[in-house]
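Reading the structure
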Amino acid sequence: MTGPLKSTPRATEATPMPRTTSAQTRFPQAPRPERGAGTGRHLSFGQPHLPWWAGWLVAAVSAAAAALLSLTLGWNIAGGAVVAVVLFAIALPTWSVLVESSRAAKDRLVTTLVWAAFAIALVPLVSLMYTVLANGLGVINGQFLTYSMRNVIGQGGGIYHAIIGTVLITLAATLISVPVGLLSAIYLVEYGVRNRTARTITFLVDVMTGIPSIVAGLFAYALFALFFGQGVRMGFGGAVALSLLMIPIVVRSCEEMLKLVPGDLREASYALGVPKWRTIVKVVLPTALPGIITGVTLAIARVIGETAPLLVIAGSTDSVNTNLFAERMMTLPVFIYYSFTQPGVPAQFGQDRAWGAALVLIVIVMALNLVARAIGRTFSPKTAR
Amino acid sequence: MSASTAVRKPRQRVGDRVFSNLTRLAGLAILVALAAVAIFLTLQGLPAFSAPSDKLGGAANLATYVLPLVFGTLLAAVLALLIATPLALGVALVISHYAPPRLARPLGYLVDLLAAVPSVVYGLWGLAFVSVRLTPAYAWLEQHLGWIPLFGGPASTTGRTILTASIVLAIMVMPIITAITREIFLQTPTLNEEAALALGATRWEMIRLAVLPYARSGIVSAVMLGLGRALGETMAVAMVLSASGVVTFDLISNTNPSTIAANIALKFPDSTGVAVNALVASGLVLFVITFVVNFAARWVVARSERTQA
């Protein structure tokens, strides 16, 4: 849509710039900027430009052509949309080449492609949300949220056991990750400035964020199999696996937040004779607290949907299990996986439950994300940026 | 304390010593955990080297068991990146340079939402929606482009092919690449951009001359981080892919290569004895691959930060 030199000042007819006059002497035929074209998009420098409505016109024409084609040839909406975008991406640059220049045409082509990429990226988001909502909304009711799957065949039952398992395992993972992650972040920011250990830790924490979740699950299994023998299944193992994934996220976000605390605060505290550790605990941490809570909440949102490690170490069961240290424990993601891939007979009910559980899980994750952002925005110190 | 001396050393308080050692301990615990992952996986994986072939799904030894899986893992991840990278760069450019500033932040949130969706939900969606919708496309590909070995077919009637898995993977990886690249695009010095514009560059020329060269190493590392993620992604592949563990470049047929992570997720719950050790050993291979990829990506980032500083 927009052409080059967007940020140049407006040329209005009331105050013609000298450059315009010289351009007009060079190109006597060049029209004076029209009212539409001159409204601030760019200086024309004497070069002809497509009118501002060119993009809309081409879009309308290509959409109409694609609609006509898909009606006559029987394509579906997706096919028609693709054709419309392709037509647009061909027509507008072609027109631009004829009227403007090849450089402007290339610019318009890239603009089209970039926005098309963005639109394509949004398609899965919309489609996924719609699919989950459409399939899951009808399933959720009081019974679904408060009953377990114990002795349920066919219709009925619920995800109570899975919710309990998810909450307990995630809570345990948080209890492991936050102290370790926060203390490490304090070490990195406050004590380990520019020493080799701190640099190694920072680097390896970054590398650790890329550990595949299934490997974390296998690690927890390998660790607990040493103590409890082969075939061990335990909720706490899931917590260990999740904390392996969670610690790097917590460290990174806490580190960023601690770095934001102004050095003046620390120095003021030292000047009053407060020891360093009390300065950290009483001055630095409270200042950074909202950011730390935001980071931890986001980390929880990130691991609460992890499936693979829990599939490996926490296993699956139909009953409520509130003991983290014994027996299998169901979690929401694992429930979704098994309900959909092994729904039982008839398949309808199991798959419905999977969609319902998926909706519940998405709502939990989104809620955590929103809460995190709300905390971050409400309590964050107003730093100038 | 005794009387003051000429050179006064700062008094090390007990609280300080305890606290600083505590934090150092926590930092070292992370290193220990990382080492423990490698050690425990090796310990549990070792028995698989002498495993009989019936425990290895018919493979003669561990290498012939793992190699097809490595092939599938790499194939799916590379395909996913081929799809995700252009999209991610486009989205990042929209957010950083094309969208009106007021819109940029909400658009960024939308993309972050994609990253927040749990992988098992992607799997569910991929299995129930994407693969079904892609089935006619695969039939079309086989009919019209069947002469390309990639689309040799016979086209899958369920749509649960490695291409479907890669598309779902691409959607999951895209927000990660986008998040990193858009930060780097935004860090381009404004002066460089304005200088390009002042010389008469169009917006695309400005991006090509000022933004992309500045962001090159960042893009490379973002893509590698996305690769690390795609290599290790489990549930989406395990649910979408109808795997038979073959080695083939045919992207749309019923017989597809499996990936390490998906293979573990599918086989682990029902495995016992040495079969478990074999799965752990394949997990160790995955760990090494992703570790190397992530290590390289972070190294590129660290190096570019050093040269810019």
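Notes on the structure in this doc start here. (Residues numbered from 1 in each chain as written. Chains lettered and ligands numbered in written order. Predicted model: local features only at pLDDT ≥ 70, side-chain atom pairs only at ≥ 80, totals over all residues. Heavy atoms only, no water.)

Right, let's get into the overall build of chain B. Per the secondary structure count, chain B includes 10 helices and zero strands. In chain B, the succession of α and β elements from N to C terminus is α-α-α-α-α-α-α-α-α-α. Here the C-alpha atoms of chain B give a radius of gyration of 25 Å, more than 25% beyond the 19 Å that 2.2 N^0.38 yields for 309 residues. For chain B, the spread of C-alpha atoms along the principal axes amounts to about 85 × 65 × 30 Å. The buried share of chain B, reckoned over its 309 residues, is 54%. Put simply, chain B shows about 13800 Å² of open surface, and 67% of that area lies on carbon and sulfur atoms. One finds the centroid of the 20 positive side-chain charges in chain B at a distance of 13 Å from the centroid of its 12 negative side-chain charges. (Helix = DSSP H or I, 4+ residues; strand = E, 2+ residues; numbered from the N terminus. Rg over C-alpha atoms; globule rule 2.2 N^0.38 Å. Buried < 20%, exposed > 50% of the residue type's maximum accessible area, 1.4 Å probe, protein only. Areas by Shrake-Rupley, 256 points an atom, 1.4 Å probe, with all protein chains shown as cover. Lys, Arg positive; Asp, Glu negative; His and termini not counted. Charge placed at Lys NZ, Arg CZ, Asp CG, Glu CD.)

A few words on the overall build of chain A. If you tally the helices and strands in chain A, you get 14 helices and zero strands. The order of α-helices and β-strands along chain A, N terminus first, is α-α-α-α-α-α-α-α-α-α-α-α-α-α. Looking at chain A as a whole, 48% of its 385 residues qualify as buried. Taken as a whole, chain A presents about 18800 Å² of accessible surface, with 66% of it coming from carbon and sulfur.

At the junction of the two partners, chain A supplies 84 residues and chain B supplies 80 residues. Between chain A and chain B, the buried area comes to about 7300 Å², and carbon and sulfur atoms account for 78% of it. Taken together, chain A and chain B are joined by two salt bridges. Notably, a salt bridge pairs Asp112 of chain B with Arg373 of chain A, separated by 3.8 Å at the nearest N-O pair. Summed over the shared surface of chain A and chain B, the result is 12 residue pairs in polar contact (both at pLDDT 80 or more). (Contact = heavy atoms within 4.5 Å. Buried area = accessible area lost by both parts, 1.4 Å probe. Salt bridge = Lys/Arg side-chain N within 4 Å of Asp/Glu carboxyl O. Polar contact = N/O pair within 3.5 Å; in protein donor to acceptor, adjacent residues only side chain to side chain.)

The next thing to look at is the nonpolar core. If you look at the biggest cluster of nonpolar residues, it comprises 197 residues, and the most contacted ones within it are Ile214 of chain A together with Tyr65, Val121, Tyr122 and Met174 of chain B. Ranked by the residues each element gives to this core, the list is headed by helix α2 (residues 62–98) of chain B, at 21 residues. Each of domain 2 (55–134) and domain 3 (146–379) of chain A contributes no fewer than three residues to this core. When sequence neighbours within four positions are dropped, the list of residues in contact with Val121 of chain B reads Leu128, Val132, Ala358, Leu361 and Ile362 of chain A. Judged by nonpolar contacts, the second largest core, of five residues, contains Leu50, Ala54, Val58 and Leu92 of chain A. (Core = buried A, V, L, I, M, F, W, Y, C linked by side-chain atoms within 4.5 Å. Domains from an automatic or database assignment.)

Right, let's get into the pattern of salt bridges. Summed over all chains, the structure comprises 10 salt bridges over all chains. When salt bridges with common partners are traced through the structure, they connect Asp206, Arg252, Glu255, Glu256 and Lys259 of chain A into a single cluster.

On the surface, a nonpolar cluster with roughly 560 Å² of combined accessible area is contributed by Trp52, Trp53, Trp56, Leu57 and Val61 of chain A. With respect to the element layout, Trp56 of chain A can be found in helix α2 (residues 54–73). (Patch = residues over 30% accessible without salt bridge, like charges linked within 9 Å, V, L, I, M, F, W, Y side chains within 5 Å.)

In this structure, Glu327 of chain A is a non-glycine residue whose phi angle is positive, near 70 degrees. Looking at where Glu327 of chain A falls in the secondary structure, it is placed in the loop between α12 (308–313) and α13 (332–341).

Below, the discussion takes up the environment of Leu284 of chain B. Position of Leu284 of chain B among the secondary structure elements: in helix α10 (residues 274–308). If we ignore the near neighbours within four places in the chain, the residues touching Leu284 of chain B are Ala38, Leu41 and Thr42 of chain B.

Attention now goes to helix α5 (residues 162–186) of chain B. Residue and element names in this part refer to chain B. With 25 residues, α5 should cover 36 Å at 1.5 Å per step; its first-to-last C-alpha distance of 35 Å lies within 8% of that length. Along its length, α5 reaches its greatest deviation from straightness, about 30 degrees, at Val173, and the proline Pro175 lies no more than four positions downstream. In terms of burial, α5 is largely enclosed, as 20 of its 25 residues are buried. Its side-chain oxygen 3.3 Å from the backbone nitrogen of Leu163, Thr161 forms the N-cap of α5. (Expected span 1.5 Å × (residues − 1). Bend = angle between axes of the 7 residues up to and from the residue.)

All names here are of chain B. Checked against the element boundaries, Asn256 lands in the loop between α8 (235–240) and α9 (260–267). At 3.2 Å, the side chain of Asn256 and the backbone nitrogen of Ile162 are in polar contact. Separated by 3.2 Å, the side chain of Asn256 and the backbone oxygen of Ser253 make a polar contact. Ignoring any residue separated from it by four or fewer positions in sequence, one finds Asn256 in contact with Arg160, Thr161, Ile162, Leu241, Ser242, Ala243, Ser244, Gly245, Val246, Asp250 and Leu251.

Over the atoms, a rolled probe matching the size of one water molecule traces out where space is still vacant. Residues and elements named next belong to chain B. Each pocket or cavity is described by its volume, and for the second largest pocket that value is around 1500 Å³. By residue number, the principal contributor to the lining of the second largest pocket is helix α4 (residues 119–145), which donates nine residues. Here the lining of the second largest pocket is built from residues that sort into 29 nonpolar, three polar and one charged. (1 Å grid on protein atoms, 1.4 Å probe; cavity = no way out; pocket = protein on both sides within 12 Å on 5 of 7 lines; lining within 4 Å. Points joined across faces, edges and corners; volume = space filled by probe spheres on them. Nonpolar A, V, L, I, M, F, W, Y, C, P; charged D, E, K, R; others polar.)

This paragraph deals with helix α3 (residues 77–99) of chain A. It helps to recall that an α-helix has 3.6 residues per turn; residues three or four apart then point in one direction. Compared with the 33 Å implied by 1.5 Å per residue over 23 residues, the 32 Å span of α3 of chain A between its first and last C-alpha is a close match. Structurally, α3 of chain A contributes buried residues whose contacts are with α2 and α4 (102–136) of chain A.

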